[in-house]
Amino acid sequence: LLALAVSHCLMRLQGDFWEMWLTVCLLNACSVSFSLLIGCIVRFPRESGAIGPLVFVPQLLMSGTFIPVQAIPSYLRWMQYI
């Protein structure tokens with residue numbers, strides 16, 4: 001909450017502060033549940049280090065953070081909704 005409040009003021013972010021806070025909380029809950037899912041699938045903790053990048057790298061690529069969504073080939077764009 002403190003980090004978002006400082007970021008919101010210093011970077012002059014547009015939008016409602018509480019909506020951003022809710023988004024951060026929901027993203028946190030989804031990340032934790034997804035990590036728990038991976039933890040339940042693997043037998044040994046060291047295996048999760050190998051599976052983690054296989055799951056999270058495609059999510060980062062399809063989110064539009066590094067590559068604009070319009071630059072992703074049309075036959076791969078459906079993956080952004082998973």
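Residues numbered from 1 in each chain as written. Predicted model: local features only at pLDDT ≥ 70, side-chain atom pairs only at ≥ 80, totals over all residues. Heavy atoms only, no water.

Visitor: Help me out: how do you make sense of a nonpolar patch on the surface in this one?
Guide: On the surface, Leu1, Trp18, Trp21, Leu22 and Leu26 cluster together to form a nonpolar patch covering roughly 550 Å² of accessible area. Counting through the fold element by element, Trp18 comes out in helix H2 (residues 17-41). (Patch = residues over 30% accessible without salt bridge, like charges linked within 9 Å, V, L, I, M, F, W, Y side chains within 5 Å. Areas by Shrake-Rupley, 256 points an atom, 1.4 Å probe, with all protein chains shown as cover. Salt bridge = Lys/Arg side-chain N within 4 Å of Asp/Glu carboxyl O. Helix = DSSP H or I, 4+ residues; strand = E, 2+ residues; numbered from the N terminus.)

Visitor: Even after reading the chapter, I still don't get the packing of aromatic side chains, so can you show me in this structure?
Guide: For any two aromatic rings, the description comes down to two numbers: the centre-to-centre distance and the angle of the planes. One pass over the full model with this rule turns up 3 aromatic pairs. Ring plane angle 80° and centroid distance 5.0 Å describe the contact between Phe17 and Trp18, whose orientation is recorded as edge-to-face. Relative accessible area serves as the criterion here: at 17%, Phe17 is assigned to the buried category. Between the aromatic rings of Phe34 and Phe56, the centroid separation amounts to 5.9 Å while the plane-to-plane angle is 70°, which identifies the pairing as edge-to-face. In this pair, Phe34 sits in helix H2 while Phe56 sits in helix H3 (residues 45-62), placing the two residues 22 residues apart along the sequence. In this structure Phe34 comes out as partly exposed when scored by relative accessible area, which is 28%. Of the aromatic side chains, those joined through ring pairs into one cluster are Phe17, Trp18 and Trp21. The ring of Phe44 carries the charged tip of Arg46 above its face, separated from the ring centre by 5.1 Å. (Phe/Tyr/Trp six-rings, centres within 6.5 Å; stacked < 30°, edge-to-face > 60°. Buried < 20%, exposed > 50% of the residue type's maximum accessible area, 1.4 Å probe, protein only. Lys NZ or Arg CZ within 6 Å of the ring centre and 35° of its normal.)

Visitor: Would you explain the environment of Ala5 in this entry?
Guide: Relative to the elements of secondary structure, Ala5 occurs in helix H1 (residues 2-10). Its relative accessible area of 28% is what places Ala5 among the partly exposed residues. Separated by 73 residues in sequence, Ala5 and Trp78 place their C-alpha atoms 34 Å apart.

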